[in-house]
Amino acid sequence: MSSNTDQETAPIAAPRNGSAGSVFRSFGSLFGGNNSDTNTRPQTPQSGDGYVEFGMQNPERSGRTLGTFAGVFSPVALSMFSALVFIRVGYIVGNAGLYITLLQFLIAYGILLFTVASVCAISTNGAIEGGGVYFMISRTLGLEFGGSIGTLFFFANVVGSAMAISGCTEGIMDNFGPGGHFVGDGATLPDGKWWRFLTSSIINTCQLLVCLVGAALFAKTSVIILATVTVSLVATYISFLALGGNNDKIPVPVENTYYNQSTFLPYTGLSANTLSDNLGAQYGHDYTSNNKMVDFSTTFGVLFSGVTGIMAGANMSGELKNPAKSIPWGTLSAVAFTFVAYIILSFLMSCTTPGVTMRNNYLFLMPVNAWPPFTAIGILTATFSTGLSNLIGSSRILEALSKDQVFGSLLNFVLHGTWKGNPIAAVAVSWVMVECILLIGSFNIIAQINSVLFMLSYLATNLACLGIELTGAPNFRPLFKYFTWHTCLVGLLGTLIMMFVINPIYASICIILCLILVIALHLFSPATQAAQWGSISQALMFHQVRKYLLMLDPRKDHVKFWRPQILLLVSSPRSCCPLVDFVNDLKKSGLYIIGHVIVGDFQSVEDVEENQQWWSFLDHMRVKAFTEVTLSRSIREGVQHLTRLSGIGAMKPNTIILGFYDDEPPKDFFQNGSSPYKTDDFNAGEVHNFPIRRDGDPKHFKVQEYVQILCDTLRMKKNLCLCRNFQRLDKNFIAIKHVKYIDVWPINVFNPTSGDPFDMVSLFMMQLAVIMLAKWKHLRVRIFLCETNDERTVGTFDTQSPQMEIFSKLKLQQSLKELRITADIIEIEEWSRDSDFVRHARTLKQYTAQADNTLPEDDDGDETMNRSLLYMQRANQIIRDRSDQTALSFIYLAAPPKLTTKDFAARSASYVELLTELTADLPPTILVHGVSTVTSTTL
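Since the structure is predicted, the reported quantities are computational estimates derived from the model, not experimental observations. (Residues numbered from 1 in each chain as written. Predicted model: local features only at pLDDT ≥ 70, side-chain atom pairs only at ≥ 80, totals over all residues. Heavy atoms only, no water.)

Quick look at the overall build of the protein chain
Logical step 1: Across its full length, the protein chain carries 35 helices and 18 strands.
Logical step 2: Relative to its full complement of 939 residues, the protein chain shows a buried share of 55%.
Logical step 3: The contacts in the protein chain between residues at least 6 apart in sequence include a share of 82% that link residues at least 24 apart. (Helix = DSSP H or I, 4+ residues; strand = E, 2+ residues; numbered from the N terminus. Buried < 20%, exposed > 50% of the residue type's maximum accessible area, 1.4 Å probe, protein only. Contact = heavy atoms within 4.5 Å.)

What to know about the pattern of salt bridges
Logical step 1: Per the counting criterion, the structure on display carries 13 salt bridges.
Logical step 2: Where D668 meets R574, a salt bridge forms, and the shortest distance between an N and an O atom there is 3.2 Å. With a gap of 94 residues between them, D668 in the loop between β10 (655-659) and β11 (683-684) and R574 in the loop between β7 (566-569) and α25 (577-586) connect regions that are remote in the sequence.
Logical step 3: Within this structure, D581, D585 and K731 form a network of salt bridges that share partners. (Salt bridge = Lys/Arg side-chain N within 4 Å of Asp/Glu carboxyl O.)

Looking at helix α22 (residues 504-524)
Logical step 1: Compared with the 30 Å implied by 1.5 Å per residue over 21 residues, the 30 Å span of α22 between its first and last C-alpha is a close match.
Logical step 2: For α22, the set of buried residues is A507, C510, C514, L517, V518 and L521. Along the axis of α22, the buried positions cluster into a sector of 105°, meaning they face one direction only. Along α22, exposed side chains directed more than 90 degrees from the buried face belong to I505, I509, I512, I516, I519, L523 and F524.
Logical step 3: Those residues of α22 that are buried are in contact with α8 (143-176), α20 (443-471) and α21 (485-502).
Logical step 4: Its side-chain oxygen 3.1 Å from the backbone nitrogen of I505, N503 forms the N-cap of α22. (Expected span 1.5 Å × (residues − 1). Arc of directions from axis to C-beta. Polar contact = N/O pair within 3.5 Å; in protein donor to acceptor, adjacent residues only side chain to side chain.)

Regarding unusual backbone geometry
What is expected of a backbone is that most residues other than glycine have negative phi and most peptide bonds are trans.
Logical step 1: For S589, which is not glycine, the phi dihedral falls at a positive 60°.
Logical step 2: Structurally, the position occupied by S589 is in the loop between α25 and β8 (592-599).
Logical step 3: Phi at N725 takes a positive value of approximately 70°, unusual for a residue other than glycine.
Logical step 4: Within the secondary structure, N725 sits in the loop between β13 (719-724) and α29 (731-735).

Digging into the sheet that holds β10
Logical step 1: Pairing in this open sheet of ten strands is mixed, and the strands run β9-β8-β7-β10-β13-β18-β17-β14-β15-β16 from one edge to the other. In the strand order of this sheet, the two ends are held by β9 (626-632) and β16 (824-828), each with one partner. Each neighbouring strand pair of the sheet contributes to a mean axis angle of 25°, computed without reference to strand direction.
Logical step 2: Of the strand pairs in this sheet, β10 and β13 are connected by five bridges, and their pairing is parallel. The residue bridging I657 from the neighbouring strand is C721, located in β13.
Logical step 3: Across the sheet, helix α28 (residues 703-715) lies against β10, β13 and β18 (925-929), angled at about 145° from β13, the strand it touches most.
Logical step 4: Strand contacts of helix α30 (residues 760-775): β10, β13, β14 (741-745), β15 (780-786), β17 (886-892) and β18, with the helix running at about 160° to β17, the strand carrying the most contacts. (Pairing = 2+ DSSP bridges. Axes fitted to C-alpha atoms, helices over the stretch in contact; angles between N-to-C directions.)

Some remarks on α20
Working note: α-helix, 3.6 residues per turn, so residues spaced by three or four point in the same direction.
Logical step 1: With 29 residues, α20 should reach 42 Å at 1.5 Å per residue; the first-to-last C-alpha distance of 42 Å fits that figure.
Logical step 2: Summarising burial for α20: 24 of the 29 residues are buried, a large majority.

Comments concerning the environment of A650
Logical step 1: Checked against the element boundaries, A650 lands in the loop between α27 (635-645) and β10.
Logical step 2: Looking at A650, the relative accessible area reads 12%, which means it is buried.
Logical step 3: With 97 residues separating them in the primary sequence, A650 and D553 have C-alpha atoms 6.1 Å apart.
Logical step 4: Residues within four places of A650 in sequence aside, it is in contact with L552, D553, P554 and Q565.

Some words on the side chain of N360
Logical step 1: Structurally, the position occupied by N360 is in helix α15 (residues 355-360).
Logical step 2: Once residues within four sequence positions are removed from consideration, N360 is found in contact with P253, N256, Y259, L265 and Y287.

Description of the nonpolar core
Logical step 1: Residues F240, F304, V307 and Y342 are the most contacted members of the largest nonpolar core, which totals 133 residues.
Logical step 2: A total of 19 residues in this core trace back to one element, the largest contributor, which is helix α6 (residues 84-123).
Logical step 3: The contact partners of F240, leaving out residues within four places of it in the chain, are Y267, L270, L345, L348, M349, T352, T353, F364, L365 and V368.
Logical step 4: C577, V580, F682 and V761 belong to the second largest nonpolar core, which has 64 residues in total. (Core = buried A, V, L, I, M, F, W, Y, C linked by side-chain atoms within 4.5 Å.)

Comments concerning a nonpolar patch on the surface
Logical step 1: A contiguous nonpolar surface patch, about 310 Å² in accessible area, is contributed by W195, L198 and I202.
Logical step 2: In this fold, W195 is placed in helix α9 (residues 193-213). (Patch = residues over 30% accessible without salt bridge, like charges linked within 9 Å, V, L, I, M, F, W, Y side chains within 5 Å. Areas by Shrake-Rupley, 256 points an atom, 1.4 Å probe, with all protein chains shown as cover.)

Overview of the pairing of β15
Logical step 1: Across the seven residues that make up β15, a large majority, six, are buried.
Logical step 2: Where β14 lies against β15, four bridges are found, and the strand directions are parallel. The residue of β15 that forms the bridge with I742 is V781.
Logical step 3: Between β14 and its parallel partner β15, the chain crosses via α30, and the hand of that crossover is right-handed.
Logical step 4: Two elements, β15 and β16, share five bridges in a ladder whose sense is parallel. In the strand pairing of β16, I783 is matched with I825. (Right-handed = clockwise from strand over helix to strand, strands pointing away.)

Some remarks on the packing of aromatic side chains
Logical step 1: Scanning the entire structure with this criterion turns up 34 aromatic pairs.
Logical step 2: Ring centres of F153 and F454 lie 5.7 Å apart, and the angle between their planes is 90°; this geometry places the pair in the edge-to-face category. Of the two residues, F153 is situated in helix α8 and F454 in helix α20; the sequence distance between them amounts to 301 residues.
Logical step 3: Classification of F153 by relative accessible area gives buried; the value is 1%.
Logical step 4: With centroids separated by 6.0 Å and ring planes inclined at 80°, the aromatic side chains of W562 and F764 adopt a geometry described as edge-to-face. In this pair, W562 sits in the loop between α24 (536-551) and β7 while F764 sits in helix α30, placing the two residues 202 residues apart along the sequence. (Phe/Tyr/Trp six-rings, centres within 6.5 Å; stacked < 30°, edge-to-face > 60°.)

Re the packing of α28 against helix α35 (residues 904-919)
Logical step 1: α35 packs onto α28 with a crossing angle of 85° between their chain directions and a minimal axis gap of 9 Å. By the angle between their axes, α28 is roughly perpendicular relative to α35. Listed contacts from α35 to V703, Q704, Y706, V707, Q708, L710 and C711 of α28 are F904, A905, S908, A909, Y911 and V912.
Logical step 2: Looking at side-chain class alone, the contact of α28 with α35 contains ten nonpolar, three polar and no charged residues. (Parallel < 35°, antiparallel > 145°, perpendicular 65-115°, else oblique. Nonpolar A, V, L, I, M, F, W, Y, C, P; charged D, E, K, R; others polar.)

Quick look at the environment of D286
Logical step 1: You can see D286 is positioned in strand β3 (residues 285-286).
Logical step 2: Taking the relative accessible area as the measure of exposure, D286 reaches 4% and is therefore buried.
Logical step 3: Separated by 191 residues in the primary sequence, D286 and N95 place their C-alpha atoms 9.7 Å from one another.
Logical step 4: The contact partners of D286, leaving out residues within four places of it in the chain, are Y91, N291, K292, V294, Y362 and N444.
Logical step 5: A polar atom in the side chain of D286 sits 2.8 Å from the side chain of Y362.
Logical step 6: A polar contact is formed between the side chain of D286 and the side chain of N444, at a distance of 2.4 Å.

What about the confidence of the model for the protein chain?
Logical step 1: Averaged over the protein chain, the pLDDT score is 80; the fraction of residues at 70 or greater is 82%.
Logical step 2: With pLDDT under 50 throughout, residues 1-61 is counted as low confidence; its partners more than four residues away or in other chains account for 151 contacts.
Logical step 3: Within the model, the stretch residues 791-799 combines pLDDT values under 50 with 15 contacts to residues more than four positions away or in other chains. (pLDDT = per-residue confidence, 0-100.)

Observations concerning a positive patch on the surface
Logical step 1: Taken together, R563, K588, K624, K775 and K777 make up a surface patch of like positive charges.
Logical step 2: Tracing the backbone shows R563 in the loop between α24 and β7.
Logical step 3: With a relative accessible area of 37%, R563 lands in the partly exposed category. (Lys, Arg positive; Asp, Glu negative; His and termini not counted. Charge placed at Lys NZ, Arg CZ, Asp CG, Glu CD.)

So this is what it looks like as structure tokens:
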């Protein structure tokens, strides 16, 4: 006798002594139980430090030394001024006109304001660590989106630094290059594409040296730098108001080869006519980009690139004393301050400077300033500080990516290259990438790339806040209250639309790159990080699944849409890997639950659910299933719990699958060297998770209880399947076409009749066979039509007439045609032509009738059982003779003895013994008993 009992057998689980402690230790801590020193011992403040009392770290000791003004307001304001304030506001006003410029500022700052609201909401909902926006997005959206957006935000900061350096170089060349304002006829700096790249590289290297000293030094000096830029800007305002027109002091730049009408450009001072001329758009050519035509998208791209610094404060989150307070207030105040400054500057330019001047000399502020060095100082300090801020931000994001192991060991060198908390290796990588971007050369082209990258980051920030708000998670309680899902949605749509307005090609490339990163991180990133952070996708899926489960009404079920929803009962996963894998194919996109019973009570058993082990098992098997573990005083009672309570709503199991009850010792597929399921993940030294019954060990329950479980399953109106010999199933062997058939035996061997092929059980077997045929497409289904004597003549041994045989085959062919099942029909005559065989069949039928209390008991019980065994052995031989090329067999399972049967224990043992003889030495076999209609012939 072969096959495998506990190997696949369902509910079987050994009593386990000492397994519920972890569950009750957690409850014990709530009621003062002495469970864990680490959880129950009170913390004692040390050195008068109140932070220790609450398990917090003193910000001063952790290197967090920056407040709101120095840590957030100053970096954000400087980054939002950048090169735009002194170099490109005139370019925008001169081309787009005052009205469109004001509209663009409103659009840009509207997007920024909504994004800032999302940033403030997320940053005030928990502790913020280093990495700024990347940290917030990754901890909200999860590893895949957080890692991909963080990577693109790293590139955005790199491009932003290159843009600022390019603006700084442009200011240096216009002041100290050929025809520069401060050199006159003296020696000048050489100009040209590669000379400008050299100058930019020198500036980038100076920023590298500052970063190597440390970000805190820059943050502390950012207040002085902001003050310098503010003084220069105020001086520009005063110059516009105080100085009159001067038509001969604004030269045409040497690099402007497009404008050749004169060598100087006009300036009128305050003039109503100038304001009137500058109200509308007058798009021209950009002399810094090979005289390309300017339009709304290019001007908005340049404008938005200059105001993308709202994340500069969030990037410094690792150095802030109180990020949750400093980030909202510092960012909002800086946004308001720079918005007012830009509006005033745009209006004054429109009132004083003709459009032709603003379009043909982007640094015209120098000649019109009362003291030109003010403008030069403002340009150099604003651009240098912005570039430095972005370089620091990019290095901190790269450091955070490496700490989180988002790309595995690829960025480990960043962690090894940290000295005294300063990520030197990350700074060096950022510096190299800035050098690469500087090769582009044109400030305006770099600005468009920068705008798109930052907008994608802002889109993700709004998406994160929108998603967590829509999920209604109870733990989302930000201190910042001035936001709703409406503001998040407006910010998200605004950034998405304006990305494509600026440059559709750049926007598409960035989105595609982001999606590629999302997929790559989903496939290759470590799952442990995602579990530690949490993912908003889980919350959103829970929200949607709950909604659709409520809509799934079991009263509306129809047989046309039936699919198997399976509860597979296992003893130990070690011994049933092939069966678990097989049922995953059999479920046909239906519900699949793996159930397990622990015998014991809550006072003596620990780790009742063992969820981590079971989920790890599902990951190892790569099956789409759920697990249910229950604790009960007996296996039968536990199976009743699982059968009745597994699933939820309309998603409840309709088919219960168990292993077979026999004496063969189970096989450990985790330790078998030739097993495709081999793994050491469930072994901890000498301790093995999921222990199995060894050879010689007693079974965990008796055969009587096993049959009682079968009876309970059918009483609960569930389809029943018993699986045997699945330790022999080799899907690779099947895939290389060494076998050809899936066999169906639609005959109740215990009580054969001519109607068996057309009853509910046989139709259920055929349905399962067709489902497996969809997985094993190269196989064919064979249905064995066993010709039997009718019930009225079973005692006379008369054979059926040829006409009746032909009728049965034609009837089966017609039935298969109506069910759209393609199968070969093989006729078997032994059940009707062999007189001894028919006599033994009659004996078994009488024995079954006695078990059902429909006939008086036979005194010669041993002789009856012996004849029944001979009959089963002969039936087994018939099946084996035709199974040499069979991958899987479905056999009709007769109903077990009723629970009310006299001498139920003996009848149960006989029932299982007969099934054992019937299935001995067969290929993987499923004994099937269906109780519900699963096929339909109608539309």
